[in-house]
Amino acid sequence: MRVQCVLCDQLSQLEDDSSLAKKLRNRPIHTYMCQSCHDRIKIKTEARLASGSFQLYSYNTDDDDF
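Residues numbered from 1 in each chain as written. Predicted model: local features only at pLDDT ≥ 70, side-chain atom pairs only at ≥ 80, totals over all residues. Heavy atoms only, no water.

Participant: Provide a residue-level description of the overall build of the protein chain, including the pertinent values.
Facilitator: Tallying secondary structure elements over the protein chain gives 2 helices and 2 strands in all. Compactness check: the protein chain gives a C-alpha radius of gyration of 17 Å against a globular reference of 11 Å for 66 residues, more than 25% above the reference. Across its three principal directions, the C-alpha atoms of the protein chain cover 40 × 40 × 15 Å. Looking at the 66 residues of the protein chain, the share that counts as buried comes to 14%. Excluding contacts between residues fewer than 6 apart, the proportion of contacts in the protein chain whose partners are at least 24 apart in sequence is 35%. (Helix = DSSP H or I, 4+ residues; strand = E, 2+ residues; numbered from the N terminus. Rg over C-alpha atoms; globule rule 2.2 N^0.38 Å. Buried < 20%, exposed > 50% of the residue type's maximum accessible area, 1.4 Å probe, protein only. Contact = heavy atoms within 4.5 Å.)

Participant: Talk me through the state of the cysteines; I want residue IDs and the actual numbers.
Facilitator: Inspection of the entire model under this criterion finds 0 disulfides. Cysteine Cys 34 shares no disulfide, and the gap to the nearest cysteine sulfur, in Cys 37, comes to 3.5 Å. What makes Cys 34 buried here is its relative accessible area of 4%. (Disulfide = S-S within 2.5 Å.)

Participant: Pulling in residues and values, what's your account of a nonpolar patch on the surface?
Facilitator: Residues Val 6, Leu 7, Met 33 and Ile 41 make up a contiguous nonpolar surface patch of about 310 Å² in total accessible area. Checked against the element boundaries, Ile 41 lands in helix 2 (residues 35-51). (Patch = residues over 30% accessible without salt bridge, like charges linked within 9 Å, V, L, I, M, F, W, Y side chains within 5 Å. Areas by Shrake-Rupley, 256 points an atom, 1.4 Å probe, with all protein chains shown as cover. Salt bridge = Lys/Arg side-chain N within 4 Å of Asp/Glu carboxyl O.)

Participant: Break down the environment of Asp 16 for me, citing the residues and quoting the values.
Facilitator: With respect to the helices and strands, Asp 16 occurs in the loop between strand 2 (11-13) and helix 1 (19-26). Along the chain, Asp 16 and Arg 40 lie 24 residues apart, while their C-alpha atoms are 26 Å from each other. If we skip the residues at most four places from it in the chain, Asp 16 touches Met 1, Ala 21 and Arg 25. Polar side-chain contacts of Asp 16 include one of 2.9 Å to the backbone nitrogen of Met 1. (Polar contact = N/O pair within 3.5 Å; in protein donor to acceptor, adjacent residues only side chain to side chain.)

Participant: If you had to explain the nonpolar core to someone new, which residues and values would you point to?
Facilitator: Val 3, Cys 5, Leu 14, Ala 21, Leu 24, Tyr 32, Cys 34 and Cys 37 form the largest nonpolar core, which has 8 residues in total. Those residues in contact with Ala 21, other than ones at most four positions away along the chain, are Met 1, Leu 14, Glu 15 and Asp 16. (Core = buried A, V, L, I, M, F, W, Y, C linked by side-chain atoms within 4.5 Å.)

Participant: Can you explain helix 2? Please cite residues and give values.
Facilitator: Taking 1.5 Å of rise per residue, the 17 residues of helix 2 would be expected to cover 24 Å, and the 24 Å separating its terminal C-alpha atoms lies within 8% of that figure. Directly beyond the C-terminal end of helix 2, a positive phi value near 90° is found at Gly 52. (Expected span 1.5 Å × (residues − 1).)

Now the structure itself:
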């Protein structure tokens, strides 16, 4: 299966039997991101977390007793 990265438009080839290929076929809302873009985003996010200027907001959810 041929896929294209949503950030850098690099074409890649996935095996048809892989779980990622199945997920992309069955759920079109999911997008493919190549490993180099994934690593780049991971490194930049970790750097922002370390600098203290990046906050993750968590919402308090009340559990129902039902």
